[in-house]
Amino acid sequence: MKQAHHGSILHFLSDPDKTTDGLGYEYFSDGLLIIEDGIVQKLGDAANILPNLSSDIEVIKHTNSLIMPGFVDTHIHYPQMEVIGAYGEQLLEWLNKYTFPTERKFEDKAYARNIAEKFLNELLGAGTTTALVFGTVHKQSVEAFFEACEARNLRMICGKVMMDRNAPDYLTDCPQSSYDDSKSLIETWHNHGRLRYAITPRFSPTSTPEQLDKAGQLLQEYPDVYMHTHLSENLNEIEWVKQLFPDCDHYLDTYDRAGLLGRRSIFAHCIHLNDAEWHRMAETKSGIAFCPTSNLFLGSGLFNLKRAAEANINVGLGTDVGGGTSFSILQTLNEAYKVLQLRGQTVSVLKMFYMATLGGAETLDLADKIGNFKVGKEADFVVLDKQCSPLMALRLNEHNDLLEQLFVLSMLGDDRTVKQTWSAGVLRHERDQSNNH
Ligand code: GUN
Ligand code: ZN
């Protein structure tokens, strides 16, 4: 099946901060993106391609729009959808008061299935086509999620939470059962179609060293599986880690000793890292999920993007729903910009959209499959509506240049801005229709 999408098209070829021209992108104001069987076949100026286009290709015209690769969310919790926007607490209290009681419900697979469907609707509605996702401690929570993703042929990564202490009894496993359950999920789901598995110890305070060792053993047995956890988010959390792991040099060391660092290891937050931790993150090529809406909402702190860039560490954006307050990567860019303002750092608008797309894919070691429209990539993309609201229409007009338009889209944009979301060449979300799948 072949289609051609006709409209303004933007994508990144590399990190704008690492290119000599400071750009790293291609923009076709009147472009054509040709897709065959869910794979990008050609991208270029419509004027050059259209005259020779074979007549069996359906041309889909997108007006007043910007087509770009689907957004990548490098850290989110699907079971926490229901606690988004819960009042008044910082991390550790928030976990006990809101998160743990809600995660208990995922013992029931039917419940998990229902939330997984709603979660994917929100994700696609926000223009996100790939995410690195926490399940709960229950194996069936991850089965329900993967089944829902498989039905829509989405490229997603998920894992069962490993958690054997400092949490309610109803939410804890043990080192051996967490190993067994994770292993069985890996065998079934990892590399199953577009799905991938992430070994997911929640964070060091809720895992014994024995459990972290089991996670490390799994990673050795399955080296192409991901590792996904939290690191250095909140000052009380860091103090607690010091007490729980008196022999470790620092927070990151609790994971390092278990062999959990590496190219496919993603650490959410990383706000209060010390020099040794920054160094070790870089040395092991571990990635970071920068989660500004969560970091502001839970009062955790301000991420140091400049330091990460200097250390050449991959950074993607994470919504961290339900600690984060929006599914929208556009809203996440909005708050990322403000966090960096408070830090006295500036980030270019190109870098912002790079992080939302190719940079996220790079962080997840998926840049050979998604993140831009190079020939052979999977056709995951969004159609953003430049007239999605009266205010957006007023603010964006023909006098704005591309960079100004992008910046305004990130400041004013949200799920209303996402007109369509396509995954593997199939329309999976259409804003103006009530039934989306
Ligand atoms: N640290 C451990 N668990 C969590 C969680 O569920 N959300 C966030 N933001 N941080 C965590
Ligand atoms: Zn999180």
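Our subject is the structure listed above.
Residues numbered from 1 in each chain as written. Chains lettered and ligands numbered in written order. Predicted model: local features only at pLDDT ≥ 70, side-chain atom pairs only at ≥ 80, totals over all residues. Heavy atoms only, no water.

Engineer: Let's hear about the overall build of the protein: which residues, and what values?
Structural biologist: Across its full length, the protein holds 16 helices and 16 strands. Projected onto the principal axes, the alpha-carbon positions of the protein cover approximately 65 × 45 × 40 Å. Entry remark: accessible area of the protein is about 16,300 Å², with carbon and sulfur atoms responsible for 48%. (Helix = DSSP H or I, 4+ residues; strand = E, 2+ residues; numbered from the N terminus. Areas by Shrake-Rupley, 256 points an atom, 1.4 Å probe, with all protein chains shown as cover.)

Engineer: Got a sec to walk through the coordination of the zinc ion (ligand 2)? Specific residues and values, please.
Structural biologist: Octahedral metal centres with six donors ideally show angles of 90 or 180 degrees, and tetrahedral centres with four donors ideally show 109.5 degrees. Protein ligation of the zinc ion (ligand 2) involves His75 (NE2), His77 (NE2), His230 (NE2) and Asp320 (OD), the donor distances falling in the range 2.0 to 2.2 Å. Viewed at the metal, the four donor atoms of the zinc ion (ligand 2) are separated by angles of 88 to 169°, and the geometry they form is irregular. Read from N- to C-terminus, the donor residues coordinating the zinc ion (ligand 2) fall into the pattern H-x1-H-x152-H-x89-D. Linking His75 in strand β5 (residues 71-77) with Asp320 in the loop between β13 (315-317) and α12 (329-342), this pair joins segments that are 245 residues apart in sequence. Take His75 and Asp320: they sit in the same class, and that class is buried. (Donors = N, O, S within 2.8 Å, 3.2 Å for Na, K, Ca; no water. Tetrahedral: all angles 85-135°; square planar, octahedral: opposite > 155°, others 65-115°. Buried < 20%, exposed > 50% of the residue type's maximum accessible area, 1.4 Å probe, protein only.)

Engineer: Please give an account of the site of ligand 1 that cites residues and values.
Structural biologist: Near ligand 1 you find His77, Gln80, Leu91, Trp94, Leu95, Arg202, Phe203, His230, Glu233, His269 and Asp320, and these make up its full shell. For ligand 1, an oxygen atom lies 2.8 Å from a polar atom in the side chain of Gln80. Expressed as a share of its isolated accessible area of 270 Å², the protein-covered part of ligand 1 is 100%. Ranked by residues supplied to the shell around ligand 1, first place goes to helix α2 (residues 91-103) with three residues. (Near = heavy atom within 4 Å. Polar contact = N/O pair within 3.5 Å; in protein donor to acceptor, adjacent residues only side chain to side chain.)

Engineer: Report on the packing of aromatic side chains, specifying residues and quantitative values.
Structural biologist: In this description, an aromatic ring pair is defined by two values, namely the gap between the centres and the angle between the planes. Scanning the model with the defined rule gives 17 aromatic pairs in all. Plain terms: the ring middles of Tyr337 and Phe407 are 4.9 Å apart, the flat faces sit at 65° to each other, and that makes the pair edge-to-face. Of this pair, Tyr337 sits in helix α12 while Phe407 sits in helix α16 (residues 402-412), and the two are 70 residues apart along the sequence. Over the face of the ring belonging to Tyr170 we find Arg104, whose NZ or CZ atom lies 4.1 Å from the ring centre. (Phe/Tyr/Trp six-rings, centres within 6.5 Å; stacked < 30°, edge-to-face > 60°. Lys NZ or Arg CZ within 6 Å of the ring centre and 35° of its normal.)

Engineer: If you had to explain the pairing of strand β9 (residues 195-201) to someone new, which residues and values would you point to?
Structural biologist: Taking burial as the measure, the seven residues of β9 include seven buried ones, the bulk of the element. Where burial is concerned, the two faces of β9 agree: the one with Leu195, Tyr197, Ile199 and Pro201 and the one with Arg196, Ala198 and Thr200 are both buried. Pairing analysis gives three bridges linking strand β7 (residues 156-159) to β9, with the strands arranged parallel. Its bridge partner lying in β9, Met156 is registered against Leu195. Where strand β8 (residues 161-162) and β9 come together, two bridges link them in parallel fashion. Of the residues in β9, the one forming a bridge with Val161 is Thr200. What joins β8 to β9 is helix α5 (residues 175-189), and the crossover it makes is right-handed. Of the strand pairs in this sheet, β9 and strand β10 (residues 226-231) are connected by two bridges, and their pairing is parallel. Across the sheet, residue Ile199 finds its bridge partner in β10, namely Met227. At this point the chain moves from β9, through helix α6 (residues 209-221), to the parallel β10, and the crossover so formed is right-handed. (Pairing = 2+ DSSP bridges. Right-handed = clockwise from strand over helix to strand, strands pointing away.)

Engineer: With reference to specific residues and values, describe the environment of Val225.
Structural biologist: Here Val225 lies in the loop between α6 and β10. According to the relative accessible area criterion, Val225 is buried, its value standing at 1%. Considered as a pair, Val225 and Ile157 are 68 residues apart in the sequence and their alpha carbons are 9.6 Å apart. With sequence-adjacent residues up to four places away left out, Val225 is seen in contact with Ile186, His190, Tyr197, Ala198, Ile199, Leu219 and Arg264. (Contact = heavy atoms within 4.5 Å.)

Engineer: Break down the nonpolar core for me, with residues and values.
Structural biologist: Of all hydrophobic cores here, the largest spans 125 residues; its most connected members are Tyr78, Phe119, Phe145 and Tyr255. Beyond its immediate stretch of four places on either side in the chain, Tyr255 contacts Phe203, Ser204, Leu212, Thr229, His230, Leu231, Leu260, Leu261 and Phe267. (Core = buried A, V, L, I, M, F, W, Y, C linked by side-chain atoms within 4.5 Å.)

Engineer: Give a detailed account of the environment of Ser326, specifying residues and quantitative values.
Structural biologist: Note that Ser326 resides in the loop between β13 and α12. Remark: the alpha-carbon pair of Ser326 and Thr19, spanning 307 residues in sequence, is separated by 31 Å. Ignoring any residue separated from it by four or fewer positions in sequence, one finds Ser326 in contact with Ile84, Thr293, Thr319, Val321, Gln331 and Thr332. Here the side chain of Ser326 touches Ser328 through a polar contact of 2.9 Å, landing on its backbone nitrogen.

Engineer: Give me the lowdown on α6, citing residues and values where you can.
Structural biologist: Relative to the 18 Å expected for 13 residues at 1.5 Å per residue, α6 spans 18 Å between its end C-alpha atoms, a close match to the ideal helical length. Those residues of α6 not exposed but buried are Gln211, Leu212, Lys214, Ala215, Gly216, Leu218 and Leu219. Each element contacted by the buried residues of α6 is listed here: β8, α5, β9, β10 and α8 (251-256). (Expected span 1.5 Å × (residues − 1).)

Engineer: Report on the sheet that holds strand β4 (residues 58-69), specifying residues and quantitative values.
Structural biologist: Taking strand neighbours across the sheet as the criterion, the seven strands line up as β3-β2-β1-β4-β14-β15-β16 in an open arrangement whose pairing is mixed. Of all the strands in the sheet, the pair left with one neighbour each is β3 (39-45) and β16 (426-430). Looking at each pair of strands side by side, their axes are set apart by 35° on average, direction ignored. The sheet contact formed by strand β1 (residues 2-12) and β4 spans six bridges and is parallel. Note on β4: the bridge partner recorded for His6 is Lys61. Most of the contacts of α16 go to β4, to which it runs at about 80°, and overall it touches β1, β2 (25-36), β4 and β14 (381-385). (Axes fitted to C-alpha atoms, helices over the stretch in contact; angles between N-to-C directions.)

Engineer: How would you summarise the side chain of Asp73 if you had to cite specific residues and measurements?
Structural biologist: Within the secondary structure layout, Asp73 lies in strand β5. Of the side chains with opposite charge, Arg202 lies nearest to the buried Asp73, which makes no salt bridge, at 15 Å. Here His75 takes part through its backbone nitrogen, which lies 3.1 Å from a polar atom of the side chain of Asp73. A distance of 2.6 Å separates the side chain of Asp73 from the side chain of Thr319, its partner in a polar contact. (Lys, Arg positive; Asp, Glu negative; His and termini not counted. Salt bridge = Lys/Arg side-chain N within 4 Å of Asp/Glu carboxyl O.)

Engineer: Please give an account of the pattern of salt bridges that cites residues and values.
Structural biologist: In the structure shown here, the tally under the stated rule is 28 salt bridges. In this structure, the salt-bridge partner of Asp15 is Lys351, at a minimum N-O distance of 3.0 Å. Separated by 336 residues along the polypeptide, Asp15 in the loop between β1 and β2 and Lys351 in helix α13 (residues 349-356) bring together distant segments of the chain. A relative accessible area of 8% places Lys351 in the buried class. As a salt-bridge pair, Glu147 and Lys109 come within 3.1 Å of each other at their nearest N and O atoms. In this pair, Glu147 sits in helix α4 (residues 139-151) while Lys109 sits in helix α3 (residues 109-125), placing the two residues 38 residues apart along the sequence. Here Glu147 falls in the partly exposed class, since its relative accessible area comes to 28%. Within the structure, one salt-bridge network assembled from shared partners comprises Lys109, Arg113, Glu143 and Glu147.

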